[in-house]
Amino acid sequence: MDAERVKTAVVTGAGSGIGRAVTVELLRAGWSVALAGRRAGALEETAALVPEGASLVVVTDVARPEDVDALFDATVERFGRVDLLFNNAGTFGPGGVPVEELPYDAWRHVVDTNLNGAFLCAQAAYRRMKEQVPQGGRIINNGSISAHAPRPHSVAYTATKHALTGLTKSLSLDGRPYSIAVGQIDIGNAATDMTRRMETGALQANGVVAPEPVMDVADVARTVRHMAELPLAANVQFATVLATSMPYVGRG
């Protein structure tokens, strides 16, 4: 991180899981962080984990353009600029529902959160990064190893994570003239509330339900921080971080 000034990050989905871990990691490293999410109490709990940190809580539904604009306006008003967006907010949707039974409203909710929300936040960050002085910044999208290999009954989540990879590539290309670096981290089985069921048993492609190993979410947070603190002349385009023994590479 630049010695001359403190850098500012916006973290969506900061009230729990990976978003909380990344927020804590950045605050402890001296970043200023705007915490975004739908639950004020959860965001306040995250901020309280680093009481000496420079944090700003902004209740935000990333699927609402007006909420996203208010988030970035508040961040710039408080901290002066945006150096990093960690586009993390997401939902898996209803678990274990076959594609032919998935309600359209459930599909739309996943798409609105995982894809439309990521686009809206990236667009808002891009506008600020392009106009601020010094120009530029970094966007890190939270993908998933589902962007490469789906789980059973995960059509909405998997489709949005594949789309997020396209969003990452397109943003990365369009950001080049303005020193906006865009990358993606694909995460597998970090220990959070969202993945707790995997430790007791997750449905495999062959129909068997089997427990899966998980990794410490702090390892993900350190990886995001490494990506974030590179100079803008360097970029981790795609990173895959996963529990070493999870059934992903090969046949399990």
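Just above sits the structure.
Here is what the cut-offs are and how they apply
- Residue numbers here run from 1 along each chain, matching the order of that chain's written sequence.
- Confidence filtering applies because this is a predicted model: local features only for residues at pLDDT of at least 70, side-chain atom pairs given and counted only at 80 or more, and all residues used for totals across whole chains, interfaces and linings.
- Working from all heavy atoms in the structure, the side-chain values ignore hydrogens and water.
- Helix and strand assignments follow DSSP, with helices taken as H or I runs no shorter than four residues and strands as E runs no shorter than two, numbered in order from the N terminus.
- Exposed residues in this analysis have more than 50% of their type's maximum accessible area, buried residues have under 20%, and partly exposed residues fall in between, with area computed by a 1.4 Å probe over protein chains only.
- Throughout, a contact is declared for two residues whenever any of their heavy atoms are within 4.5 Å.
- One less than the number of residues in a helix, times 1.5 Å, gives the span that helix is expected to have.
- Any Lys or Arg side-chain nitrogen located within 4 Å of an Asp or Glu carboxyl oxygen qualifies as a salt bridge.
- Note on definitions: angles span 0 to 180 degrees between N-to-C directions of axes, and those axes are lines fitted to C-alpha atoms, for helices only across the stretch in contact.
- For classification purposes, angles smaller than 35 degrees are called roughly parallel, those larger than 145 roughly antiparallel, those between 65 and 115 roughly perpendicular, and all remaining angles oblique.
- It is the rotation of the near helix from the far one that decides the hand of a crossing: anticlockwise by less than a right angle makes it left-handed, clockwise makes it right-handed.
- By the convention adopted, Pro, Cys, Tyr, Trp, Phe, Met, Ile, Leu, Val and Ala count as nonpolar, Lys, Arg, Asp and Glu as charged, and the other residues, Gly among them, as polar.
- What makes two strands pair is DSSP finding at least two bridges between them.

Student: Hey, could you run me through the environment of L115 in this one?
Tutor: Among the secondary structure elements, L115 is positioned in helix α4 (residues 104-131). On the basis of relative accessibility, which here comes to 23%, the residue L115 falls in the partly exposed class. The spatial distance from the C-alpha of L115 to the C-alpha of A36 is 16 Å, given a sequence separation of 79 residues. Leave out the neighbours within four places in its chain, and L115 touches V110, T160, A163 and L164.

Student: Is there a simple way to explain helix α5 (residues 155-175) in this structure?
Tutor: Side chains three or four residues apart in an α-helix point the same way, a direct result of the helix having 3.6 residues per turn. Spanning 21 residues, α5 covers 30 Å between terminal C-alpha atoms, matching the ideal 30 Å at 1.5 Å per step. Taken as a whole, α5 has its buried residues at A156, Y157, T158, T160, K161, L164, T165, L167, T168, L171, S172 and G175.

Student: Would you explain the pattern of salt bridges in this entry?
Tutor: Any two side chains of opposite charge can pair, so long as their charged atoms come close to each other. Counting across every chain of the model gives 9 salt bridges. Measuring nitrogen to oxygen at the nearest pair gives 2.7 Å for the salt bridge that ties E66 to R64. Given the relative accessible area of 43%, E66 is considered partly exposed. Notably, a salt bridge pairs D67 with R64, separated by 3.6 Å at the nearest N-O pair. Linked through salt bridges whose partners overlap, the residues forming this network are E25, R225 and E229.

Student: It is not clear to me how the packing of α4 against α5 should be interpreted in this structure. Could you clarify?
Tutor: To characterise two packed helices, one gives the angle between the axes of the helices and the distance between these axes. Running from amino to carboxyl end, α4 crosses α5 at an angle of 15°, the nearest separation of the two axes being 9 Å. Judged on the interaxial angle alone, α5 and α4 are roughly parallel. Note on packing geometry: the crossing formed by α4 with α5 is right-handed. Between α4 and α5, the residues in contact are W107, V110, V111, N114, L115, A118, F119, A122 and Y126 and V155, A156, Y157, A159, T160, K161, A163, L164, L167, L171, D174 and G175, respectively. Grouping the constituent residues of the contact of α4 with α5 by class yields 16 nonpolar, 3 polar and 2 charged.

Student: Just checking my understanding: could you explain the sheet that holds strand β3 (residues 54-59) for this structure?
Tutor: In sheet architecture, strand pairing relies on hydrogen bonds along the backbone and comes in two forms, parallel and antiparallel. Strand order across the open sheet formed by 7 strands is β3-β2-β1-β4-β5-β6-β9, with parallel pairing between neighbours. At either end of the open sheet lies a strand with only one pairing partner, and these are β3 and β9 (238-242). For this sheet, the mean angle separating the axes of adjacent strands, direction not counted, is 15°. In this structure, strand β1 (residues 8-12) lies alongside strand β2 (residues 32-37), joined through 5 bridges in parallel fashion. Across the sheet, V10 pairs through a bridge with A34, a residue of β2.

Student: I tried to follow unusual backbone geometry on my own but got confused; where do I start?
Tutor: With glycine set apart, most residues show a phi of negative sign, and most peptide bonds adopt trans. A cis amide bond links V133 with the next residue in sequence, P134, at an omega value of -5°. At S179, a position not held by glycine, the phi torsion is positive, near 60°. Tracing the backbone through its elements, the reader meets S179 in the loop between α5 and β6 (180-188).

Student: In this structure, what is going on with the environment of L71? I would like to understand it.
Tutor: Mapped onto the secondary structure, L71 falls in helix α3 (residues 65-79). Residues L71 and V249, 178 residues apart in the sequence, show an inter-C-alpha distance of 38 Å. Those residues in contact with L71, other than ones at most four positions away along the chain, are V10, A36, V58 and T60.

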